[in-house]
Amino acid sequence: MTATASPPTNSDPGAPATTRGALLAGLAQRQGAAVVLVLGVIVAWFSFPRFGSVDNLRDLALQSSFLAVIALGMTFVIISGGIDLSVGSVYALGGVLAAYGSQWGVLGALVLPLAVCGLIGLINGVLIARTGMAPFIVTLASLLFARGLLLAITTEGSTTYQIRPDSAFLHLGRGTILGIGVPVYGTLILFALGGVLLRRTRFGQSVFAIGGAENSALLMGLPVARTKVSVYTLSGLLAGFAGAMTAAYLQSGVTVLGVGTELDAIAVVVIGGTLLTGGAGTIIGTLVGVLLRTVIQNVINQIGTLDSNYQSVVSGAFLLVVVVIQRLLARARR
């Protein structure tokens, strides 16, 4: 009597479920902030009548635009596996330089901050990529340098450079198109370009590869050093441009800006789903993170009975929760 072969069976019946769990974990990591943002907006819309007003929504978009530009540069840096602690001071320095350079017209108000802030980012990138120094140390030194240069230019903060009321440069911060501030349009354009750069170019793929496994990227022949220099230069340029927009909005170079802004930028990038360890992240996620932070702050202001300091408490607690969840989701994906 001949034995018949039994049909093959799945030796691991839990594999499909495990695969589905990994996919869901990845989806939650990428889109979790967007879901929270939508829920937060819905709750705030029905809880606070002023939240859904046109004026408030316009203010939310305008308030988000300045931090969003800084966070855009930080997204590239963190995806590449680095960190940039200098962006807050570079942002403030860019605003002062823009106000100072406005005496030579729009060109001076833009070229001066972009040149100086871009140079600071370039030096950060060269030191990190070519000498192997830790990004934390290099950018911390740049933070102190940029803040010191700012104080030197403004005579220990006692001099505030004003922008003439008739300067065309003010349109960059105070102008409106169809009732929406020019900074909002500028931010959207930069994010669109950033998304294309990150997802559709070799440079963007190199950024992901370096953040995921730098040694493997080297073995693949990718331009690791050049890519690192580029992302830190980009971060400096965007922080300087955000400072220029803020100066145009405030009509002066305010010296006290930027304190703690680097932490806000890191927070919104991480909240948007970018891993602090590098190798994963999205531009749209960063924009969602910025909007979520702004909505939380606005809701606290709408409540009225809470002190403004609670904004930092809520933001810090929310960031801690997000980082913990990211770790758990990363393990679930593996």
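These notes cover the structure that comes with them.

What counts, and where the lines are drawn
Residues numbered from 1 in each chain as written. Predicted model: local features only at pLDDT ≥ 70, side-chain atom pairs only at ≥ 80, totals over all residues. Heavy atoms only, no water. Helix = DSSP H or I, 4+ residues; strand = E, 2+ residues; numbered from the N terminus. Expected span 1.5 Å × (residues − 1). Buried < 20%, exposed > 50% of the residue type's maximum accessible area, 1.4 Å probe, protein only. Phe/Tyr/Trp six-rings, centres within 6.5 Å; stacked < 30°, edge-to-face > 60°. Patch = residues over 30% accessible without salt bridge, like charges linked within 9 Å, V, L, I, M, F, W, Y side chains within 5 Å. Areas by Shrake-Rupley, 256 points an atom, 1.4 Å probe, with all protein chains shown as cover. Salt bridge = Lys/Arg side-chain N within 4 Å of Asp/Glu carboxyl O. Contact = heavy atoms within 4.5 Å.

## Concerning helix α3 (residues 87–101)
- Between its terminal C-alpha atoms α3 stretches 20 Å, which fits the 21 Å expected from 15 residues at 1.5 Å a residue.
- Taking burial as the measure, the 15 residues of α3 include 14 buried ones, the bulk of the element.

## Considering the packing of aromatic side chains
- Counted under the stated rule, the structure contains four aromatic pairs.
- Their ring planes at 25° and their centres at 6.3 Å tell us that F76 and F203 sit as a pair that is stacked. Of this pair, F76 sits in helix α2 (residues 54–79) while F203 sits in helix α8 (residues 202–212); the two residues are 127 residues apart in sequence, bridging distant segments of the chain.
- Judged by its relative accessible area of 1%, F76 is buried.
- Judged by centre distance (5.1 Å) and plane angle (75°), the ring pair of Y100 and Y161 falls under edge-to-face. With Y100 in helix α3 and Y161 in the loop between α5 (135–153) and α6 (171–174), this residue pair connects regions lying 61 residues apart in the sequence.

## Some remarks on a nonpolar patch on the surface
- A cluster of nonpolar residues, L119, L122, I123, V126, L127, M133, F136, I137, L140 and L144, forms a patch on the protein surface that exposes about 840 Å² of accessible area.
- Elements supplying a minimum of two residues to the nonpolar patch: α4 (106–131) and α5.
- Tallying contributions element by element places α4 first for the nonpolar patch, with five residues.
- Position of I137 relative to the elements: it lies in helix α5.

## Some words on unusual backbone geometry
- Phi at L178 takes a positive value of approximately 60°, unusual for a residue other than glycine.
- A relative accessible area of 81% places L178 in the exposed class.
- A positive phi is found at Q251, a non-glycine position, where the angle reads about 65°.
- Locating Q251 in the fold gives a position in the loop between α10 (224–250) and α11 (261–271).
- Look at Q251 and you get buried, because its relative accessible area is 17%.

## Comments concerning the side chain of T286
- Relative to the helices and strands, T286 is located in helix α12 (residues 283–303).
- For T286, a relative accessible area of 0% corresponds to the buried category.
- Sequence-distant contacts of T286, defined by excluding residues within four places in its chain, comprise A71, L72, T75, F191, V268, V269, G272 and T274.

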